[in-house]
Amino acid sequence: MRTALVVTSISAPNTALQELAAGCLSQDWHFVVAGDSKSPPDFLLNGCQFLSLEEQRRSGFALASIAPEKSYTRKNIAYLEAMRAGTEVIVETDDDNRPMPSFWAARVPQVSARMIEADDWINIYQYFSSGFIYPRGLPLNAARRQGPIPSGSRLEECPVQQGLANDDPDVDAVYRMLYPLPFRFETDPGPILLRNGAWCPFNSQNTTFFRTAFPLLYLPAHCSFRMTDIWRSFVAQRVLQARGQGVLFHAPTVYQERNDHDLMRDFEEELPGYLHNAGIRQALLEIPMGQGESMRCLMEKCYQKLIRLGLVADGEEMLLQAWFEDLEGLGIA
């Protein structure tokens, strides 16, 4: 299956981007980088299709003309460009994640995985390490909760697959200010699939989406930057579980050399999650969803709920409709 790697960046080609581009060339992956208003005007990287703001506006995508600038969610345009190129698999990461050799393994939707189906928050990191660590977006009162033992492995269709990251894993500002880093996951229990109410946040740093799940790539723009991929993950889990599927987590295939961050600013950006993530899960679970409903319909229900709760601004509705207009033009939605 044709694979694309998608990143958004405002940096000149750094070591991580160079390694990603070289790997894409060697593996015959399509590499798309979405720029923004702060991106260098002379960005040039062999093996990479760089989308400047002007190129995004000329793309013909409805979303490109109305999506906000200076926003991580410009990545949505790169997803669409990758789909237009005939991609069947989209792998995404960030410009501060360096690939391990295992990152370049062929991605397949059917995976032999162990299963967790408990109706609760799951700290997935606990299965990959004996140390204390939890993913960004997990409610703090669930961080030390002992999870159930996964069931035996069986082959499952897994259209969304989240890989972990070593050295500087995706943890929140509270963890970063209180616990030492770097951190390495030292155990590999094999892939673990969460289904039937078992929830864990997943991020946009090392994640694979197969074509059937492409609509779920959508990153909301009218919310906190530190919550856009987390709240996307909640919508994705609700929709997938309504369709009898789930989200797969697997051992690290990247290690992060994190860009500079102001941790107190990150903490401020994460406050909506600390306060509302548990309530969002409950609110989304209360939405009636029929198995015969389209993915578009299910996603619209989720975002309408987030808008009614006042967690995502009204302007999101217009962006979401543009996203689906573009998907329909690509023969996907």
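Residues numbered from 1 in each chain as written. Predicted model: local features only at pLDDT ≥ 70, side-chain atom pairs only at ≥ 80, totals over all residues. Heavy atoms only, no water.

### Thoughts on the nonpolar core
The tendency in soluble globular proteins is for nonpolar side chains to be buried side by side. For the record, the criterion: By convention a nonpolar core is built from buried Ala, Val, Leu, Ile, Met, Phe, Trp, Tyr and Cys residues, the set being connected through side-chain atoms within 4.5 Å. The classification of residues rests on relative accessible area computed with a 1.4 Å probe and restricted to protein chains. Under 20% of the type maximum is buried, over 50% is exposed, and intermediate values are partly exposed. Helix and strand labels come from DSSP, where a helix needs a run of H or I of at least four residues and a strand needs a run of E of at least two; each type is numbered from the N terminus. Note on contacts: a residue pair qualifies if any of its non-hydrogen atoms lie within 4.5 Å across the two residues.
Judged by nonpolar contacts, the single largest core of 84 residues is most densely connected at Met83, Ile124, Leu194, Leu216, Trp231, Met299 and Trp323. Tallying contributions element by element places helix H6 (residues 228–242) first for this core, with eight residues. Beyond its immediate stretch of four places on either side in the chain, Leu194 contacts Ile116, Ile122, Ile124, Trp199, Cys200, Gln241, Gly246, Val247 and Phe249. Residues Leu5, Val7, Leu20 and Val254 belong to the second largest nonpolar core, which totals 20 residues.

### Overview of helix H4 (residues 75–84)
An α-helix turns once every 3.6 residues. As a result, residues three or four positions apart point the same way. Burial runs high along H4: nine of the 10 residues are buried. For H4, the complete set of buried residues consists of Lys75, Asn76, Ile77, Ala78, Tyr79, Leu80, Glu81, Ala82 and Met83. Residue Gly86 follows H4 closely and has a positive phi angle near 90°.

### A few points about helix H9 (residues 316–329)
Note the cut-off: The span you would expect from a helix comes to 1.5 Å times its residue count less one.
If you check H9, its first and last C-alpha atoms are 20 Å apart, about what 14 residues at 1.5 Å a residue would give, namely 20 Å. All of the buried residues along H9 are Glu316, Leu319, Leu320, Ala322, Trp323, Phe324, Asp326 and Leu327. Those residues of H9 that are buried are in contact with helix H3 (62–66), H4 and helix H8 (295–308). Of the residues one or two after H9, Gly331 is the one with positive phi, at around 75°.

### A closer look at the packing of H4 against H9
What counts, and what does not: For helices, the axis comes from a line fit to the C-alpha atoms of the stretch in contact; other axes are also lines fit to C-alpha atoms, and the angle between any two N-to-C directions lies between 0 and 180 degrees. An angle below 35 degrees is treated as roughly parallel, one above 145 as roughly antiparallel, one from 65 to 115 as roughly perpendicular, and anything else as oblique. As a working rule, the residues Ala, Val, Leu, Ile, Met, Phe, Trp, Tyr, Cys and Pro are called nonpolar, Asp, Glu, Lys and Arg charged, and the rest polar, with Gly in that last group.
At a closest axis distance of 10 Å, the pairing of H4 and H9 adopts a crossing angle of 10°. Taken together, the axes of H4 and H9 are roughly parallel relative to one another. Facing H4, whose interface residues are Asn76, Tyr79, Leu80 and Met83, H9 presents Trp323, Asp326 and Leu327. Among the residues forming the contact of H4 with H9, the class breakdown is five nonpolar, one polar and one charged.

### Let's talk about the pattern of salt bridges
Under the convention used in this document: One side-chain nitrogen of Lys or Arg within 4 Å of one carboxyl oxygen of Asp or Glu is enough to make a salt bridge.
Per the stated rule, a full pass over the model turns up 23 salt bridges. The closest approach of N and O atoms between Asp167 and Arg184, which form a salt bridge, is 2.5 Å. In this pair, Asp167 sits in the loop between strand E8 (160–166) and helix H5 (173–178) while Arg184 sits in the loop between H5 and strand E9 (192–194), placing the two residues 17 residues apart along the sequence. Among the ionic contacts, a cluster of salt bridges with common partners joins Glu54, Arg57, Arg58 and Glu69.

### Observations concerning the side chain of Glu92
Locating Glu92 in the fold gives a position in strand E4 (residues 89–93). Among all residues touching Glu92, those that are not within four sequence positions of it are Leu5, Val6, Lys75, Tyr79, Asn203, Ser204, Gln205, Asn206, Thr207, Phe209 and Arg232.

### Overview of the environment of Arg58
Secondary-structure assignment places Arg58 in the loop between helix H2 (53–57) and H3. Under the relative-accessibility criterion, Arg58 is labelled exposed at 57%.

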